[in-house]
Amino acid sequence: MIEKILTVKNRAGIHARPAAIIAQTANKFESEITLTRDDATVNAKSIMGVIAMGAGYNTQMTMHVQGPDEDEAASVIEALFESKFEEE
């Protein structure tokens, strides 16, 4: 299992478009991918779950990835956060 701390770096936070990008990307992998913020954990493959986290600018969350392609999945999702979901 891979665990990484991710920070929301785009000023608008995670709204519908970034949530869709996260879910669409997560769904390309077999691994189970979850995002945890405070006491809430959601499946990263669920657009509504990701939106429901209400993650604004500079919010930190923990990503857990477990499965056969966990290394690639973790690095691709991390890159989305680093690129600010290509919004800025």
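Residues numbered from 1 in each chain as written. Predicted model: local features only at pLDDT ≥ 70, side-chain atom pairs only at ≥ 80, totals over all residues. Heavy atoms only, no water.

A. Spotlight on the overall build of the protein chain. Of the regular secondary structure elements, the protein chain holds 3 helices and 4 strands. Mapped in sequence order, the helices and strands of the protein chain form the string β-α-β-β-α-β-α. Against the compact-globule benchmark of 12 Å for 88 residues, the protein chain has a radius of gyration of 11 Å, which places it among compact chains. Structurally, the protein chain occupies a C-alpha span of about 35 × 25 × 20 Å along its principal axes. Sequence separation of at least 24 residues holds for 71% of the intrachain contacts in the protein chain that already meet a minimum separation of 6. In the protein chain, 8 positive and 14 negative side-chain charges are present, and the distance between their average locations comes to 8 Å. (Helix = DSSP H or I, 4+ residues; strand = E, 2+ residues; numbered from the N terminus. Rg over C-alpha atoms; globule rule 2.2 N^0.38 Å. Contact = heavy atoms within 4.5 Å. Lys, Arg positive; Asp, Glu negative; His and termini not counted. Charge placed at Lys NZ, Arg CZ, Asp CG, Glu CD.)

B. Molecular detail of the nonpolar core. Core analysis: the biggest nonpolar cluster contains 25 residues, and Ile14, Ile22, Ile33, Leu35, Met61, Met63 and Phe81 have the highest contact counts within it. Mapped by element, the contributors of at least two residues to this core are β1 (2–7), α1 (16–26), β2 (32–37), β4 (60–66) and α3 (70–82). Top contributing element to this core by residue count: α3, with 5 residues. Setting aside residues up to four positions removed in sequence, Ile33 forms contacts with Ala26, Val42, Asn43, Ala44, Met63, His64, Val65 and Ala73. (Core = buried A, V, L, I, M, F, W, Y, C linked by side-chain atoms within 4.5 Å. Buried < 20%, exposed > 50% of the residue type's maximum accessible area, 1.4 Å probe, protein only.)

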